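Next come the chains, spelled out residue by residue.
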Amino acid sequence: MLRKRLLIPLILSLVTFGLVVACNSVTPTSQTNPSPAENAATGAIPIGAALAQTSNLALLGQEQVIGVKMAETYFNKKGGVNGTPIKVIIQDVAGDEQGAINAINTLITQDKVVGILGPSLSQQAFAASPIADRAKVPILGPSNTAKGIPQIGEYVGRVSAPVAVVAPNAVKTALKIDPKIKKVAVFFA
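Residues numbered from 1 in each chain as written. Predicted model: local features only at pLDDT ≥ 70, side-chain atom pairs only at ≥ 80, totals over all residues. Heavy atoms only, no water.

Let us look at the overall build of the protein. Along the backbone of the protein there are six helices and five strands. Ordering the α and β elements of the protein from the N terminus gives α-α-β-α-β-α-β-α-β-β-α. Here the protein holds 189 residues, and the buried ones make up 43% of them. For the protein, restricting intrachain contacts to residue pairs at least 6 apart in sequence, the fraction spanning at least 24 positions comes to 61%. Carbon together with sulfur atoms contributes 61% to the accessible area of the protein, which is approximately 10300 Å² in total. (Helix = DSSP H or I, 4+ residues; strand = E, 2+ residues; numbered from the N terminus. Buried < 20%, exposed > 50% of the residue type's maximum accessible area, 1.4 Å probe, protein only. Contact = heavy atoms within 4.5 Å. Areas by Shrake-Rupley, 256 points an atom, 1.4 Å probe, with all protein chains shown as cover.)

Attention shifts here to the confidence of the model for the protein. Of the residues in the protein, 77% reach a pLDDT of 70 or more, and the chain-wide mean stands at 81. At the level of individual helices and strands, the protein shows its lowest average pLDDT in helix α1 (residues 2–23), which scores 44, and its highest in helix α4 (residues 97–109), which scores 97. Between residues 1–12, whose pLDDT stays under 50, and residues either more than four places distant or in other chains, the model counts 17 contacts. Contacts of residues 18–32 to residues separated by more than four positions or lying in other chains number 39 contacts, the stretch itself having pLDDT below 50. (pLDDT = per-residue confidence, 0-100.)

In total, this model carries one aromatic pair according to the counting rule given. Ring geometry for Y74 and F75: centres 5.4 Å apart, planes at 85°, overall edge-to-face. (Phe/Tyr/Trp six-rings, centres within 6.5 Å; stacked < 30°, edge-to-face > 60°.)

As a general feature of sheets, a regular strand has side chains that alternate between the two faces. Taking burial as the measure, the seven residues of strand β1 (residues 45–51) include seven buried ones, the bulk of the element. Every second residue of β1 is oriented toward a common face, with I45, I47, A49 and L51 on one face and P46, G48 and A50 on the other, all of them buried. Crossover connection from β1 via helix α3 (residues 58–77) to parallel strand β2 (residues 86–92): handedness right-handed. Judged from the two bridges that link them, β1 and strand β3 (residues 116–117) form a sheet pairing that is parallel. (Right-handed = clockwise from strand over helix to strand, strands pointing away. Pairing = 2+ DSSP bridges.)

A few words on helix α5 (residues 122–134). Every α-helix winds through 3.6 residues per turn, so residues three or four apart in the chain are directed the same way. If you check α5, its first and last C-alpha atoms are 18 Å apart, about what 13 residues at 1.5 Å a residue would give, namely 18 Å. Every buried residue belonging to α5 is among S122, Q124, A125, A128, S129, I131, A132 and D133, and all of these are buried. Buried residues along α5 sit in contact with α4, β4 (139–141) and β5 (156–158). (Expected span 1.5 Å × (residues − 1).)

Now for the sheet that holds β4. Read across the sheet, five strands follow the order β2-β1-β3-β4-β5 without closing on themselves; strand pairing throughout is parallel. Two strands in the sheet have a free side with no partner beyond their single neighbour: β2 and β5. Of the pairings in the sheet, the one linking β3 to β4 comprises two bridges and is parallel in character. When the bridges of β4 are listed, L117 appears paired with L140.

In this section: the side chain of S122. Structurally, S122 can be placed in helix α5. Polar contacts involving the side chain of S122 include one to the main-chain amide nitrogen of T145, which spans 3.0 Å. (Polar contact = N/O pair within 3.5 Å; in protein donor to acceptor, adjacent residues only side chain to side chain.)

In terms of nonpolar packing, the biggest core is built from 22 residues, with A50, I104, I108 and I116 touching the most fellow members. At the level of elements, α4 and α5 are the ones that each hand at least two residues to this core. Take this core: its biggest share by element is five residues, from α4. Counting residues in hydrophobic clusters, the runner-up holds eight residues, among them L51, V88, I90 and L140. (Core = buried A, V, L, I, M, F, W, Y, C linked by side-chain atoms within 4.5 Å.)

A large share of β2 lies buried, amounting to six of its seven residues. One ladder, built from seven bridges, connects β1 with β2; its direction is parallel. Bridge pairing in β2 links L51 to D92.

For the peptide bond that leads from G118 to P119, omega is -10°, which places it in the cis range. Even without being glycine, N82 reaches a positive phi, approximately 50°. By the element assignment, N82 lies in the loop between α3 and β2. Looking at N82, the relative accessible area reads 74%, which means it is exposed. Phi at K136 takes a positive value of approximately 60°, unusual for a residue other than glycine. Relative to the assigned elements, K136 resides in the loop between α5 and β4. Judged by its relative accessible area of 57%, K136 falls in the exposed class.

Here is the structure:
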């Protein structure tokens, strides 16, 4: 059940993101790590996914990768975007800011993606999303809840609710389950 709840927003975000970016994109290019030239030959629209696959974030990122791959398969079975298939190119952001910076740079400069889903965490978004914004490559965070993410730039967005919305709702839900709760602990990265 938890896996399904995590995948649905990610799939919806990739779907929306892929359609918006692809419909406004320039020349399609890349693939899961074939060269941009190889993908240009196939005509696939390259969409980047900068998600954690290793480090202490592997569980979160691997769920996100599953969602991205499901969305890619779904859209391509439906004919892609206006008859053009999409190709998701996945880069590992690991668990830190430098990993996110490296992944975003690779997706933009080497893979020539038209848009990026990621990175996995807010602190990674603060470090790497400005790179995408400067390059005018739309970037959409699937799980970035920190205040200020959308304000990074014109090409930066997120699909997750901000922590200012999530935290109070989590407390309300917990109190509905057990109204006797008097103390809570908050864990965060």
